[in-house]
Each structure stands twice: as structure tokens, then as C-alpha cells.
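# Structural features, examined
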Amino acid sequence: MSSRPIDTVSTSPRAASVWAGPVALIVVGVPAALSAALYLALGVEAAIGGGIGALVAGAAAAMLLGAQGRAAGGGLHETIAEHVRSTMIIPRVLIGRDGRAIWANDAFRRVFDVASDDPLKPIVERFGGGDVAGQFAQARAAAEAGREQTFEIVRDAGDGTIAVFAVRAIPVDALPGATAWSFRDLTERRRLERLVADERSALARREESFKRYIEDAPVGVVVVDMSGAIMETNTTFARMLGRTVDATTGQRLIDLVRDEDRPALEAKLARARGGEAEDTPASVRFAGDGRESSAAIYARRPDGDGPEGRGTILYVLDTTEQKRLEAQFAQSQKMQAVGQLAGGVAHDFNNLLTAMMGFCDLLLLRHRPGDPSFADIMQVKQNANRAANLVRQLLAFSRQQTLQPKVLDLTDVTAELAHLLRRLIGANIELQLVHERDLALVRADQGQIEQVVINLAVNARDAMPNGGKVVIRTANRTVSQPEQQRGVESMPLGDYVVIEVSDTGSGIPKEIVGRIFEPFFSTKAVGSGTGLGLSTVYGIVKQTGGFIFVDSTVGKGTTFTIYLPAWKGERPSSTAAAGPERRRDLTGAGTVLLVEDEDAVRLFSARALRNKGYKVVEANSGEAALELLNTVGDDVDVLVTDVVMPQMDGTQLIKLVRERRPDMKVVCISGYAEESFRKRLDSTAGVHFLPKPFTLDQLAGKVKEVIR
């Protein structure tokens, strides 16, 4: 059978009968022409869905109709054939053994614009030549051998547009050597697939970025299911708990917080599951691992009915440092308030004690040992001294005492105290001193450091009524991590000298260990202590620039650890111990302007100085002192003034006096610390300080020192 051009397709009656035979079998009882037309129509619809057998049958039927129609002289076949050829949407062509087209639809001519007798050649050339030609040849050979072949051809126009076709070649059993070809345009499909792939890739990148952002977020992110079990979390939250992500996942969130915080968290989760959005977080503290960590938890339920809509998202802010600072600030405020009260009480007591001790000294000038009144006066003075020690404890607690720091070796300090400490703690308690070699020096007030060690030792003694052991250790310690935290205290990095006082006593219960440094707080029986021992220790250590911590286990004992900054200066040269100081000559000459608003203190001081040979001019206020200067100003050798006075205080008086007499020598007397008024003076040159309470000898000695 010979092939003709695409537009002049015909067939012989034999060929038509061969092609039309199956049609007649399918549509039983219908004339052959009509059966062929119906099957052609069915073949078109089936071919749209990919039925290549129907395509072949339809093409054969078209040729049959053409032959029968022309024989009958009718036009129905041409109408139907033309309709089928023009309505098929997938390009299709039937190629004979010689490579020429037997039949093609309008879609094929429209898409490929083919008018050649060899319709595949321009397609091959348009889609790249060599490789595509090989694919077509391989498919044609397979089809001629009775095998179906499918492949894709791609054409890149270079302007960003790409054409893709799925080519299908199948053998035509009714026409030996003929091949039916269909060209399904996949360009739009591939474009959409690329868009979907690009979108999926972009979505995957966004998801990966989002996961990375969540993973690296400075806040904890947790997803819990309806039962409260952790489904997902980031490393920030796991780090808050001191765990890994794997160890945290699957745990019930409620089990990770302290018992007392669980009701608030449960209520928060219940409200979130109910769809309530709250801006107020739930404050919780995490349990376990010995860490003191706390957090603020915000809860949200995602919208939607998907798996994510069945859980609750929690945003966890680590508030450990904030809570520590709040507790530290509250403790500081409380201690400052009580300290101000203690300082004010101490100042008033110092005035009273100054008068008591002073008048005792005046009485002792007339009542020598052996006098019947001597013992009574000494009892009064000794009790006044005890009261003065109590006042010093108040000032130490309030950090308002005057320190006299010097460079110390704590090994020597504690060694000198050993004998006294053994007497204080009793024979049934063993005292052990352990000193590290090459101990660094510290700069502190030796008397105050001794007071600290004595108070801690006595406290340890009271914790061991049946005997035990007290160990005092000194050692060098370096804090290498910035802001090392112990409780609510933070230590900056640096070198420290540590004093540890540990005992084997009853220990301190956990619920009260945080209150032991509070003033007047005591676990001892009423009347067994003042309640100022540990608060005094705390005040001295803090005023010295150090830190103090306590570790205690009930039934095993307690350890107090004191960190004092190591001295970085030169080691002072050792001097021979001074012998007992001989009694000094305290007599003198000169005019003293004495300014004191407390009558008892002023009367004692005036009598004491007059007894030593001084001329004393008294004033009960700053204003009165300025008036006296107008009359006796040139004769005054030294101004002795109280610091705290109503209306015009001592610092204001000193400034006004210095305006008139720049060379005026000044002695300040006060129950407050020296630092409390020094910062209010423009110049400290020639201003000396004598703390209350003072004795007759101390007052006379200071005045003589200043005048000289």
C-alpha cells in the first residue's frame, strides 16, 4: 500500500474492511458507516484519555467512511471525519512504513506546523536533532517490532521558555509497518511541577530556617499534647532544665516543676486549651538536678484542626537571674532599712554611753582603788563597756562603724585567736586550725575580722551542746567565672582569701537558713543571745568588700565560708611587737570651742578637758558656736564639734568656720561612721575624727594630738 500526502488520505476496500471489521463487531445491529462514525467518536474521547487503540480504530474508520461516502456520493462521512479531525485536542499522526503520514489531526498540524511528507523530521530538528532523532528511530523500530515505546522530548528556546512533549509510538496491527504517534504537551504540567517543586523547596528552606530560628531562640519553646506531655522542644528549654532534648521529650511538663507551682501551671494550660489568650505568664520553679531555676511561661493554642491544633505551644522565659536580682534587691532593701534603724539607735546609745563612761572616769579621779565606791563605779563602767560592744555590733550590722583597715595575714590573726577561742568554746569541743601555705594577704580591720571569727566560733559552740569539732581553715581561692553565683549573691572574678568555719553540730533547717543573717533572728532560747551575732558578721564582711555563704545539713553540721579580696599591693615589713604602752601625759594648754547638743556629753567633755588644763568655750548648737567665734574666734585653737545636730550640723559649721579661719584645727565627734560625713566636706585637711563612745583619756589624747 502506498502513502499519500496528509490531506489526501484514501484506502482500498480491502484495507477498509480490515480496519472496519472490529467496528462492526462492537456496535452490533448498526450499519457499518454509522458504526464506524460512532466508534470514531468513541475513539476520539478515549484517545483524549490516552486510548491509542481507539485512535487507530478511529483513523481506520475515517478512511472507511471516506471510501464508502465517495462510493455512495454522500457528504456525511466528510462531515464526521472533519469534525473528528478538528476536535481532537492531542496531536496525533499515523505514519506508514515509508515514513510518510497516512493521517493526522488538526492539532498535530497546528502545534508542529508540519506540511512535509516526513512529518517527524522537522519535529526532530526543532527539538535538537541528533539525540532526539535517535529516540524517534528507536521508538519507530520498537513499534514496527510490535512493542509500544514512550519517551519525552524537551526544547529550550533560550528565552526562558521550555517545551516538553510526551511522545508515544505504538504499532498498528491492521497496517503492518505503520506506527501511530501521539504528542501530549507536558509543558504547562512541567511548569507547574517546577513551580510546585520550587515552592516545596522554598517551603522546606523556610521550615528549616524556622526550625533553626526556634532552635537558636533565646527563649524556650515547648509543644505539649492534650495530656501535658512534651511533644517537641528546643535546646534552650532543655538547657534550663539541665537536660538534653531527647531526655526532655515525652516528659509531662507538670512533673518538671515544683509541687507548689503546679496548680498555677495546670490552670494556665487548661485556659490555653480552652482557647483563652492571656498576656500574664505563669511563674514556676523547676524541680530536680539541684539547680535553682525559675521561668515565666506563656501558653497559646494554635488555630486549626490539624495535629498542631490539638497541642499547646508554650513560650518559656528564663527568669532565674531576674528572680535572683529581685531577691538580692529585696534583701538589700530590708537590710538597709533595718541598718538605718540600728544606726540611729546606736547613735543615741553612743551619746548616753559617752556620758556614762565619761562621768565614771571623772568619779574614778576622786575614788581610787581601796575607796568603798571604787568597785561600784567600776561595775557601772564595765557594764557601759558591754553596752558599747553591743552598740558596735549594731553599727557593724548597719555597716556604719568606723574601720581601721590594714594589711593582714589571716594565718597570724587566727593563730593569735586560738587561745581565746579554746576558752570560749569549752573543753568538750575540739578546735582545729588548718592553714594553706603561702596564704595571700587581705586588707581589713583586724579587730573586726577577729570579731567575725569569734562570733562564728561561739555560734558553732552553741550548735554542739554535747561536744564536737570546730575547724577553721584559711586558703587561697580564685574565682575564674564571671559573676559566680551562690544563692542570691554574685562574686566577680578575681583572687580571694577564704576563711571557713565548720562544725559538726545540729545544722540549720533548710526553711530558716535564708534568715540567719537577719538582725534579731535567733534559734536560741530566749535570753541566750542578742540575735545580732550573725548579722554583725554579715555587716563586717560586706563592709570589708567580701562575701559570706553558708552550707548546712541538719544533723551533720554547718560551714560558713567567707571570701575576702586578696591584697595586690606590697607585703608590709614586719615590725617587732610593741610593748605595753606607758601612760601618756594628757595635760595640755589652749582654747577649745566645744559644740555638742547633748547636755550630758557636753558637760562631761568640758569638765574632762578643763581637768587637763584646757580653756573650754561651750556651745549647744552650730548657730551658738558661730556667735561665740565673733567674740573669741582668734583665741580658739581647736574646734571640737558633734557631727549630727539639729538645724546646723557639724559639716556646715566646719565650712563656715573655715571661711573665717582657714587654719582652724577641727575634731569631729560622732556616733556614726567617719565615712558618713567625710564625703560631705569639700576638704578633709585638718579634720580629725573621734568616735563615740569615748573615754576621758581618749578625748584628752585626741585634743592634745591635734593641737600639737
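Bear in mind that the values here come from a model prediction, so they are computed numbers and not experimental data. (Residues numbered from 1 in each chain as written. Predicted model: local features only at pLDDT ≥ 70, side-chain atom pairs only at ≥ 80, totals over all residues. Heavy atoms only, no water.)

## Regarding the overall build of the chain
Each helix and strand in the chain was counted, giving 21 helices and 24 strands. Counting across all 708 residues of the chain, residues that qualify as buried make up 44%. Within the chain, contacts between residues separated by at least 24 positions form 62% of all contacts whose residues are at least 6 apart in sequence. Surface accessibility of the chain: about 36800 Å² in total, with carbon and sulfur atoms responsible for 52%. (Helix = DSSP H or I, 4+ residues; strand = E, 2+ residues; numbered from the N terminus. Buried < 20%, exposed > 50% of the residue type's maximum accessible area, 1.4 Å probe, protein only. Contact = heavy atoms within 4.5 Å. Areas by Shrake-Rupley, 256 points an atom, 1.4 Å probe, with all protein chains shown as cover.)

## Observations concerning the environment of lysine 406
Residue position: lysine 406 is located in strand β11 (residues 406–408). Between the C-alpha atoms of lysine 406 and aspartate 445, which are 39 residues apart in sequence, the distance is 6.2 Å. Here lysine 406 is in contact with Val442, Arg443, Ala444 and Gln446, once residues within four sequence places are set aside. Among the polar contacts listed, one links the side chain of lysine 406 to the side chain of glutamine 446, at a separation of 3.4 Å. (Polar contact = N/O pair within 3.5 Å; in protein donor to acceptor, adjacent residues only side chain to side chain.)

## Some points on the pattern of salt bridges
What the rule picks out here adds up to 23 salt bridges. Between glutamate 152 and arginine 190 there is a salt bridge; the shortest N-O distance is 2.2 Å. Of this pair, glutamate 152 sits in strand β3 (residues 149–156) while arginine 190 sits in helix α8 (residues 187–215); the two residues are 38 residues apart in sequence, bridging distant segments of the chain. Ionic pairing is found between aspartate 261 and arginine 285, a salt bridge with its closest N-O pair at 3.2 Å. Separated by 24 residues along the polypeptide, aspartate 261 in the loop between α10 (245–248) and α11 (262–273) and arginine 285 in strand β8 (residues 282–285) bring together distant segments of the chain. Relative accessible area serves as the criterion here: at 10%, aspartate 261 is assigned to the buried category. Classification of arginine 285 by relative accessible area gives partly exposed; the value is 28%. Shared partners join several salt bridges into a network, and the residues in it are Glu152, Arg189, Arg190 and Glu193. (Salt bridge = Lys/Arg side-chain N within 4 Å of Asp/Glu carboxyl O.)

## Some thoughts on the environment of phenylalanine 183
Looking at the element boundaries, phenylalanine 183 is found in strand β5 (residues 179–185). A sequence separation of 30 residues divides phenylalanine 183 from isoleucine 153, and the C-alpha atoms of the two residues are 9.7 Å apart. Every residue in contact with phenylalanine 183, bar those within four places of it in the chain, is listed here: Ile90, Pro91, Val93, Phe108, Phe112, Leu120, Ile123, Phe136, Phe165, Ala166 and Val167.

## Re the sheet that holds strand β18 (residues 547–553)
Hydrogen bonds between backbone groups are what pair the strands of a sheet, and the pairing can be parallel or antiparallel. The 5 strands lie next to each other as β12-β14-β17-β19-β18, forming an open sheet whose pairing is mixed. If you trace the sheet from one side to the other, it starts and ends with β12 (429–435) and β18, each paired once. For this sheet, the mean angle separating the axes of adjacent strands, direction not counted, is 15 degrees. Looking at chain direction, strand β14 (residues 468–479) and strand β17 (residues 494–503) are connected through 10 bridges and run antiparallel. Considered in β17, the bridge of threonine 478 is made with aspartate 495. (Pairing = 2+ DSSP bridges. Axes fitted to C-alpha atoms, helices over the stretch in contact; angles between N-to-C directions.)

## Notes on helix α15 (residues 446–462)
Given a rise of 1.5 Å per residue, 17 residues ought to cover 24 Å, and the 24 Å separating the end C-alpha atoms of α15 matches this to within 8%. Within the sequence span of α15, burial applies to Gln446, Gln448, Ile449, Val452, Val453, Ile454, Asn455, Leu456, Ala457, Val458 and Ala460. (Expected span 1.5 Å × (residues − 1).)

## Some details on the pairing of strand β6 (residues 220–224)
Across the 5 residues that make up β6, a large majority, 4, are buried. With 5 bridges connecting them, β6 and strand β10 (residues 312–318) associate as antiparallel partners. If you follow valine 221 over to β10, its bridge partner there is tyrosine 315. Examined bridge by bridge, β6 and strand β7 (residues 230–233) share 3 bridges and lie antiparallel to one another.

## Structural notes on the packing of α15 against helix α16 (residues 533–543)
Their axes nearest at 9 Å, the elements α15 and α16 cross at an angle of 150 degrees. Considered as vectors, α15 and α16 are oriented roughly antiparallel to each other. Considering the relative orientation of α15 and α16, their crossing is left-handed. Residue-level contacts link Gln448, Gln451, Val452, Asn455, Leu456 and Asn459 of α15 to Gly533, Leu534, Thr536, Val537, Ile540 and Val541 of α16. Considering only residue class, the contact of α15 with α16 consists of 6 nonpolar, 6 polar and no charged. (Parallel < 35°, antiparallel > 145°, perpendicular 65-115°, else oblique. Left-handed = near helix turned anticlockwise from the far one by under 90°. Nonpolar A, V, L, I, M, F, W, Y, C, P; charged D, E, K, R; others polar.)

## Considerations on α11
The periodicity of an α-helix, 3.6 residues per turn, causes residues three or four positions apart to be oriented the same way. Spanning 12 residues, α11 covers 16 Å between terminal C-alpha atoms, matching the ideal 16 Å at 1.5 Å per step. Each element contacted by the buried residues of α11 is listed here: β8, β9 (294–300) and β10. One or two positions beyond α11, positive phi appears at glycine 275, with a value near 95 degrees.

## Observations regarding the sheet that holds strand β20 (residues 591–595)
Spatial strand order, β21-β20-β22-β23-β24: 5 strands in an open sheet with parallel pairing. With one partner strand each, in any of the chains shown, β21 (615–619) and β24 (687–691) form the two edges of the open sheet. Here the average twist between neighbouring strands, direction ignored, is 20 degrees. Seen against the sheet, helix α21 (residues 696–707) touches β20, β22 (638–642), β23 (665–670) and β24 and runs at an angle of roughly 175 degrees to β24.

## Focus on the packing of aromatic side chains
By the definition in use, this model includes 14 aromatic pairs. Seen from their ring centres, phenylalanine 108 and phenylalanine 183 are 5.6 Å apart, and the 45 degrees between their planes marks the pair as tilted. Taken together, the positions of phenylalanine 108 in helix α5 (residues 106–112) and phenylalanine 183 in strand β5 put the pair 75 residues apart, joining distant regions of the chain. Judged by relative accessible area, which is 0%, phenylalanine 183 ranks as buried. Counting every residue linked through ring pairs, the aromatic cluster contains Phe108, Phe112, Phe127, Phe136, Phe151, Phe165, Trp181 and Phe183. (Phe/Tyr/Trp six-rings, centres within 6.5 Å; stacked < 30°, edge-to-face > 60°.)

## Things to note about the packing of helix α17 (residues 599–611) against α21
At a minimum axis distance of 10 Å, the contact between α17 and α21 shows a crossing angle of 65 degrees. The way α17 lies across α21 gives a crossing that is right-handed. Residues Phe604, Ser605, Ala608 and Leu609 of α17 touch α21, and the partners they reach there are Leu696, Leu699, Ala700 and Val703. Each residue belonging to the contact of α17 with α21 can be placed in one class, and the counts come to 7 nonpolar, 1 polar and no charged.

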